[in-house]
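Read off the chains here:
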Amino acid sequence: MNNKEEKIKLILQFLRQLKYDNTFQKLQEQSQIQLDPQNLELITQSIKNYDIIQLEQILNQYVDKETKQKCILKILEQKYIKLLKLHNVQEAIQLLRNHITNFCSDEEQKHQYASMIYLPELKVKQEQELIDEIIQLCYKQIGLIEPNRLVTILQQQQANKILDCQFHIKLEQNYNILKKHTCNSQLNIIKQQKNISFCVFSINGQYQALVHGLQIYLYQFDNTKNEYQQKPRKIQTGQTIAITSIIFSPCSKYIGTSSQDFTVFVYNIQTENKYRLEGHNAIVQCLNFVLCDQSIKKQKNEYDIYTISIDGWLYEWNENERKGGLKIEEKLLKLHTHQQKELMLLTSQNKISLYKLYTKYQISQTSSSNNNQNSVVDKHFNFVLIQVNDTIQQLYLYAIPDLQLIKVFQTTSRINSSLNNQFDIGWINYNLIAAGTNKGDLLVWHIQKSCKPIESYQISEYDKEISCIKFHPTQNQLYVYSKKDSRKQLSTQQQTTEDLRTQLLQQRNQYQRQSGGMQQLLNLLQIIAMQDQMNSNRQSMLQDDKESSDEDI
């Protein structure tokens, strides 16, 4: 398809979507370009009638065997669900045995369909939704324009417009484009030097949690002072190896951490009750709080907890009781959920997969680089951002739910500089991306603008690594934490050594050469050593006090 033909087809697609039928027909006649192939109407009719034989005959002319099997399986699946909803279990089992199993890719998929008999919540897709899904699988091979291709092109064109204000999100509907634009909204960067590994906020911004070592420092927002309290609540997780993730529950009542010691720690902020989840056989990468399925009664807690481990297992818990497990895929990285949309997104080192939240039915999946490092999603679950460490480090932005690649963001070109695994999407309308480097640089991109950073800030004076980045959920603030400078501590130790050396020189003249002189000198050295130890202990205690008061974690 040449460029001219694609543009005409895009305009035709746009006219048909907005139901300009007369203009659509006229343009199609004048251009002599058909938007749809001749057999598209037959394909659509076959899907509506669940006519597998006719659909297979048509698809044989266009698509490969694997695509054809996926298309037919989608139709059989909906017919299967309809029979189960009507309680025609016997007929559904016959359909499963005689037809569905013939199109399944492996034994695991066959077991998934067999287990659907026992699922209480099964939803039948709308007719048009099913047609769109099947067309989405084979539009290129049939000769159709990519679905929503016009929308994608318009978004890309809009992204290329660089406004006077770097951080502006979009133009208002009645905005005069010839008028010079200014924006008062500025990104407020809060820089702190603290040796922390994670920073998270509750959804309403009432709590902030920092992870330092194996402890959680919980700060509550003081509405009278309009800032977070200086004295945090110190929570011992009891985990023995590094913490891998931390998250608040949607109601801000619970907080949980996962760890490399194969466990999960859950803490009730209101009652201070806590418990551990044990059962994984590998490093637990991530956890998430999910409201319990209302159809299942007698739950201990209003939330189920989903956990994933690096060996590919997804476990479902209610309090400390494990309800079930599912083997997903190896080398899982992150688990993201959205309660209202009932979606669950899993990222691994080489795949991105989208599932139904409760049924665990796979909606879409895409293969990516073998070097995925981390992922974040925006609040509205419209995008997922993946950090890829390939030949060069880049950030890949995918759309949800179809998992199409939208944009690749380029990183810094500074020598010996590399991105950290922690980055975030946030600010107004969740259109800014922020990431830190091991040289203390903060890079900021705009989703709708250039692939290159719109801003670069030097956060650390001594090129100290940025350890954590997090956007505040309700304010125009970006919290940036860089590792504490160890030079101050080294300077204090050097000063202590110099003081002791001066004291030794001053007291040396007091000792005369006599029979007990050597013993006195040994006693003096012992006193100096004790003073050195006491000074070291005092420094350590002061350091602990500072950590507890949030002056210098």
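Above: the structure in question.
Residues numbered from 1 in each chain as written. Predicted model: local features only at pLDDT ≥ 70, side-chain atom pairs only at ≥ 80, totals over all residues. Heavy atoms only, no water.

Where do I start with the pairing of strand β11 (residues 284-291) in this structure?
Judged by how many residues are buried, β11 sits mostly within the fold: seven of eight residues are covered. Both β11 and strand β12 (residues 303-309) contribute to a ladder of seven bridges, which runs antiparallel. Each residue of the ladder has a partner; that of Phe289, found in β12, is Ile305. (Buried < 20%, exposed > 50% of the residue type's maximum accessible area, 1.4 Å probe, protein only. Helix = DSSP H or I, 4+ residues; strand = E, 2+ residues; numbered from the N terminus. Pairing = 2+ DSSP bridges.)

Is there a simple way to explain the packing of aromatic side chains in this structure?
This model, assessed by the stated rule, comprises 11 aromatic pairs. With centroids separated by 6.1 Å and ring planes inclined at 85 degrees, the aromatic side chains of Tyr254 and Tyr303 adopt a geometry described as edge-to-face. In this pair, Tyr254 sits in strand β8 (residues 254-259) while Tyr303 sits in strand β12, placing the two residues 49 residues apart along the sequence. Look at Tyr254 and you get buried, because its relative accessible area is 6%. Classification of Tyr303 as buried rests on a relative accessible area of 6%. Between Phe265 and Tyr267, the ring centres sit 6.4 Å apart and the planes meet at 20 degrees, which makes this aromatic pair stacked. Per residue, the accessibility class of Phe265 equals that of Tyr267, and both read buried. (Phe/Tyr/Trp six-rings, centres within 6.5 Å; stacked < 30°, edge-to-face > 60°.)

Can you help me understand the pattern of salt bridges in this one?
For side chains bearing opposite charge, pairing can occur when the charged atoms are close. Considering all chains together, one arrives at 14 salt bridges under this definition. The partner of Lys323 in a salt bridge is Glu316, and the shortest N-O contact between them spans 3.5 Å. Taking the relative accessible area as the measure of exposure, Glu316 reaches 19% and is therefore buried. For Lys470, the salt bridge is made with Asp424, and the minimal N-O distance between the two is 3.9 Å. Taken together, the positions of Lys470 in strand β27 (residues 466-471) and Asp424 in strand β23 (residues 419-426) put the pair 46 residues apart, joining distant regions of the chain. A residue is classified by how much of its surface remains accessible, and Lys470, at 24% relative accessible area, is partly exposed. Each of Asp304, Glu316, Lys323 and Lys360 takes part in a single network of salt bridges with overlapping partners. (Salt bridge = Lys/Arg side-chain N within 4 Å of Asp/Glu carboxyl O.)

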